[in-house]
Amino acid sequence: MSSKTDLSIEVGGLKLASPVIIASGVWPQDAEFWSPGRLEGVGALCTKAVGLKPRAGNKGPRVHETPCGVLNSVGLQNTGMASFVKNYLPVARCAGRPFLVNLIMESEREVRESLAALRDVPDVPAVELNISCPNVEDDNMEWGLRPEGTALAVRIARSEWGGPLWVKLTPQSPYLAAAAKAAEDEGADAVVCGNTWLGMAMDIERRRPVFQRIVAGLSGPAVFPLALRTVWQVSGAVSIPVIGCGGVSCWRDAAAMLMAGASAVEVGAALFTDLELPRKIADGLSAWMAEQNIDGVSGLVGLGRR
Amino acid sequence: MSGEAARDHEARVAGARVLGDGTALLAVECGAVADSATPGQFVMVRAGSCGDPFLGRPLAVAEASGGIFKLAFRVVGRGTELLAAKRQGDTLTVRGPLGRGFFDRAGDTPARVFLAGGGVGAVPLVFAARRLGFARIAGATAGISGAGWEGFADWLKEAMPKVDLHSDDGSVGKAGTALDGLPRSLPPGAEIWACGPVGMLRALAARFPNDGDRIRVSLESRMACGVGGCLGCAVPTASGNRRACTDGPVFAAGEVLWDELED
Ligand SMILES: Cc1cc2nc3c(=O)[nH]c(=O)nc-3n(C[C@H](O)[C@H](O)[C@H](O)COP(=O)(O)OP(=O)(O)OC[C@H]3O[C@@H](n4cnc5c(N)ncnc54)[C@H](O)[C@@H]3O)c2cc1C
Ligand SMILES: Cc1cc2nc3c(=O)[nH]c(=O)nc-3n(C[C@H](O)[C@H](O)[C@H](O)COP(=O)(O)O)c2cc1C
Ligand code: FES
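Attention in this report is confined to the structure presented alongside it.

**Points about the pattern of salt bridges**
Pairing of side chains with opposite charge becomes possible as their charged atoms draw close.
Right, so step 1: With the rule as written, the count across this model stands at 33 salt bridges over all chains.
Right, so step 2: The closest approach of N and O atoms between R109 of chain A and E113 of chain A, which form a salt bridge, is 2.8 Å. Placement of the pair is R109 of chain A and E113 of chain A together in helix α2 (residues 108-119), with a separation of four residues, close to one helical turn.
Right, so step 3: Exposure remark for R109 of chain A: the relative accessible area of 47% places this residue in the partly exposed category.
Right, so step 4: E255 of chain B is the salt-bridge partner of R242 of chain B, the closest N and O atoms lying 3.1 Å from each other. Here R242 of chain B is found in strand β15 (residues 240-243), whereas its partner E255 of chain B is found in the segment after β16 (250-252), with 13 residues between them in sequence.
Right, so step 5: Under the relative-accessibility criterion, R242 of chain B is labelled partly exposed at 23%.
Right, so step 6: Each of D30 of chain A together with R242, R243, D247 and E255 of chain B takes part in one network of salt bridges that share partners.

**Here's the deal with the site of ligand 1**
All names here are of chain B.
Right, so step 1: Around ligand 1 lies a shell of 19 residues, among which R57, P58, G79, T80 and R222 are the nearest.
Right, so step 2: Take G79: an N or O atom from its main chain is 2.6 Å from an oxygen atom of ligand 1.
Right, so step 3: Between ligand 1 and the protein, one listed contact pairs an oxygen atom with a side-chain N or O atom of T80 at 2.3 Å.
Right, so step 4: Notes on ligand 1: free accessible area 850 Å², of which the protein chains cover 76%.
Right, so step 5: Per-element tally for the shell around ligand 1: the top contributor is strand β4 (residues 57-60), with four residues.
Right, so step 6: Of the residues contributing to the shell around ligand 1, the split by class is ten nonpolar, four polar and five charged.

**Observations regarding helix α5 (residues 176-185) of chain A**
Residues and elements named next belong to chain A.
Right, so step 1: Taken residue by residue, α5 has L176, A179, A180, A182, A183 and E184 as its buried positions.
Right, so step 2: The inward-facing, buried residues of α5 contact α3 (142-145), α4 (147-160), β9 (165-169), β10 (190-193) and α6 (224-235).
Right, so step 3: Remark: G187 follows α5 within two positions and exhibits a positive phi of approximately 105°.

**Here's the deal with the environment of R112 of chain B**
Residues and elements named next belong to chain B.
Right, so step 1: Its place among the elements puts R112 in strand β8 (residues 112-118).
Right, so step 2: Among the residues examined, R112 registers a relative accessible area of 38% and is labelled partly exposed.
Right, so step 3: Separated by 54 residues in sequence, R112 and P58 place their C-alpha atoms 28 Å apart.
Right, so step 4: For R112, the residues in contact, after removing those within four places along its chain, are A135, R136, I137, A138, G189, A190 and E191.
Right, so step 5: In terms of polar contacts, R112 uses its side chain to reach the backbone carbonyl oxygen of A135, at 2.9 Å.

**Focus on the sheet that holds strand β7 (residues 91-98) of chain B**
Residues and elements named next belong to chain B.
Right, so step 1: Reading across from one edge, β4-β3-β7-β1-β2-β6-β5 is the order of the seven strands in this open sheet, with antiparallel pairing throughout. The open sheet has two edge strands, β4 and β5 (63-65), and neither has a second partner. Neighbouring strand axes in the sheet, compared pairwise and without regard to direction, differ in orientation by 35° on average.

**A word on the interface of chain A and chain B**
Right, so step 1: Contacts between the two partners involve 36 residues from chain A and, on the opposite side, 28 residues from chain B.
Right, so step 2: For the pair chain A and chain B, the two sides together bury roughly 2500 Å², of which 53% comes from carbon and sulfur.
Right, so step 3: On the chain A side of the contact with chain B, E65, F272 and T273 of chain A bury the most area, a combined 25% of that side's loss.
Right, so step 4: Where chain A meets chain B, there are five salt bridges.
Right, so step 5: E65 of chain A serves as the salt-bridge partner of R57 of chain B, at 2.8 Å between the closest nitrogen and oxygen.
Right, so step 6: For the interface between chain A and chain B, the tally reads 14 residue pairs in polar contact (both at pLDDT 80 or more).
Right, so step 7: At the level of elements, β5 (63-66) and β6 (69-72) of chain A are the ones that each hand at least two residues to the side of chain A that touches chain B.
Right, so step 8: Looking at the side of chain A that touches chain B element by element, the count peaks at three residues for β5 of chain A.
Right, so step 9: A class-by-class count of the residues in the side of chain A that touches chain B yields 17 nonpolar, eight polar and eleven charged.

**Brief notes about the pairing of β7 of chain B**
Residues and elements named next belong to chain B.
Right, so step 1: Of all eight residues that make up β7, seven are buried, and the element is covered over most of its length.
Right, so step 2: As paired strands, strand β1 (residues 7-18) and β7 are joined by six bridges and run antiparallel to one another. By the bridge assignment for β7, E10 is matched with T93.
Right, so step 3: Sheet topology places strand β3 (residues 42-46) next to β7; four bridges connect them, and they run antiparallel. Pairing of V45 across the sheet is with V94, part of β7.

**Quick look at the site of ligand 2**
Right, so step 1: Close contacts around ligand 2 come from 23 residues, with S24, K168, G220, G247 and A269 of chain A the closest.
Right, so step 2: More than one chain reaches ligand 2: the nearby residues come from chains A and B.
Right, so step 3: Residue S24 of chain A places a main-chain N or O atom 2.8 Å away from an oxygen atom belonging to ligand 2.
Right, so step 4: Protein contact buries 98% of the 610 Å² of open area that ligand 2 shows by itself.
Right, so step 5: Classifying every residue of the shell around ligand 2 by side-chain character gives eight nonpolar, 13 polar and two charged.

**Comments concerning the nonpolar core**
Right, so step 1: Within the largest apolar cluster, 132 residues are counted, with the highest numbers of intra-cluster contacts made by W34 and L118 of chain A.
Right, so step 2: L118 of chain A has contacts with M81, F84, V85, L89, V101, V124, V127 and W161 of chain A, leaving out every residue within four places of it along the chain.
Right, so step 3: A72, F102, V123 and I144 of chain B belong to the second-largest nonpolar core, a separate cluster that totals 29 residues.

What counts and what doesn't
Residues numbered from 1 in each chain as written. Chains lettered and ligands numbered in written order. Predicted model: local features only at pLDDT ≥ 70, side-chain atom pairs only at ≥ 80, totals over all residues. Heavy atoms only, no water. Salt bridge = Lys/Arg side-chain N within 4 Å of Asp/Glu carboxyl O. Helix = DSSP H or I, 4+ residues; strand = E, 2+ residues; numbered from the N terminus. Buried < 20%, exposed > 50% of the residue type's maximum accessible area, 1.4 Å probe, protein only. Near = heavy atom within 4 Å. Polar contact = N/O pair within 3.5 Å; in protein donor to acceptor, adjacent residues only side chain to side chain. Areas by Shrake-Rupley, 256 points an atom, 1.4 Å probe, with all protein chains shown as cover. Nonpolar A, V, L, I, M, F, W, Y, C, P; charged D, E, K, R; others polar. Contact = heavy atoms within 4.5 Å. Pairing = 2+ DSSP bridges. Axes fitted to C-alpha atoms, helices over the stretch in contact; angles between N-to-C directions. Buried area = accessible area lost by both parts, 1.4 Å probe. Core = buried A, V, L, I, M, F, W, Y, C linked by side-chain atoms within 4.5 Å.

Now the structure itself:
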């Protein structure tokens, strides 16, 4: 196609060839899926969440379909930082584009140790600090609920990590704009709006909640309007880049997020239905921008706010 | 694992057949899946391209040849209901072929295999029976609940002529379960390949406690992605959580932690 626009953009310390990023926890870690041939249209990828020590994740059902969406209660299953560095980083480095290590905000000591481990190895492009997972008992999300918690988390991470630091916010925070501002004030390079939305499901046949932890995180197209609203609010409150995440499932959604103020989007659950969605979003955006005479993604960012 | 990587395909329904009360058979034209699928592998199928129902439904490949693969399924909810309404010429989205099947293993395929299917769990065993060939099938047994399953039972008899059928209510075949059709002890060199509800597979594993590595079970977990990304399909095993969609769905019964597996 001749009518294609260059989609490259610099966001939060990373140079992306496309504003479409694969969100954390939805893309296989297997090498095949991190080969460039699998990643057309993908500007960057977020790894599955990792913490200092291995976590088994939650028991019982972990996913449950909802109208136009999915609830999950995976619970940050991961094999720990040592194994991540040894087994996963070599795979991630083959992607031919930047990736972000989705780091679980644990205790201060654990996060410092995790970041030290990441600092010790070459070629880790960026960290996405996860202060927003609703699916664990040790209150990871607690860090993100209040601006003070967010500030403390970012302060700790910033003091250990000099590279690009993105902070993944929780839409459960009643003070989202203030939390985003706190992240900016403590030196975050970008904020991601946001993680999953707290929900639940009832198994009416068995007369009990579907999930063992009762609550679970909702994502997919159902949450798009909610996520779009948070992007709008947060974009108005900070001057660092905002990454839109929640329910993006076509190029129009991506365009809407960018117009609301996002500099890039993360795509999560929609990949469950289409592995080639990033390419389709990139192609759609680029063709449409050419038609609209918008040359460059930065010309689209915040267009709906002017 | 088969060489062909999992991808999403637009596919056309080549034929649809209602097998009676709530069971349907679909023939799907999709060379990418049909030409490389092996028994025990599955596909994630979506009836439409819109967002609802959102997720693909995992269904085992029942047969595959000449660019066409078949699915046989019970209508248990919205997804399968929409699939059962598909007619020749309609389109579907198909992700696959997925998972490690019965033949994707270290070591040789055994000389003799007993097949045991519970309910729609018999579906992947139909495909396995075809690939094994008559000489290697030591026995084939299936169990269904009974009334309402006649159409499925007829299809099974047609696809696996030697199948020893059982039903809970005794209305189809003998009264009893699939496990009643298995030998008391497993002859040397033989294996059991089984698929069905967790309760059945747990009972199977308990009945042959010393043969865990010779009993291979296909597990039906909840799945969102089917390709190993979401960790939604975790199966507790002796070596930690494994993914049913990529490390399985076929596991050795001896590695599964049956007490931790949800029914
Ligand atoms: C690898 C694999 C292979 C399968 N092969 C077949 C097959 O060949 N034929 C067949 O009929 N079914 C098969 N299943 C089960 C099938 O996926 C479910 O019946 C189907 O997803 C239900 O979708 P639904 O929208 O109709 O029902 P829903 O509305 O989603 O659910 C209806 C009922 O089905 C149960 N259910 C939903 N999803 C699953 C699941 N993944 N496993 C077990 N129960 C479930 C729910 O508990 C509920 O009671 C397989 C499952 C897996 C994981
Ligand atoms: C199965 C599943 C697992 C997830 N795991 C993580 C995770 O490990 N870390 C994280 O920050 N977000 C995780 N998320 C949240 C997504 O990255 C994303 O923020 C959220 O799903 C909203 O985007 P979406 O609607 O496009 O999916 C997960 C989401 C799903 C559905
Ligand atoms: S279904 Fe997503 S990892 Fe298995």
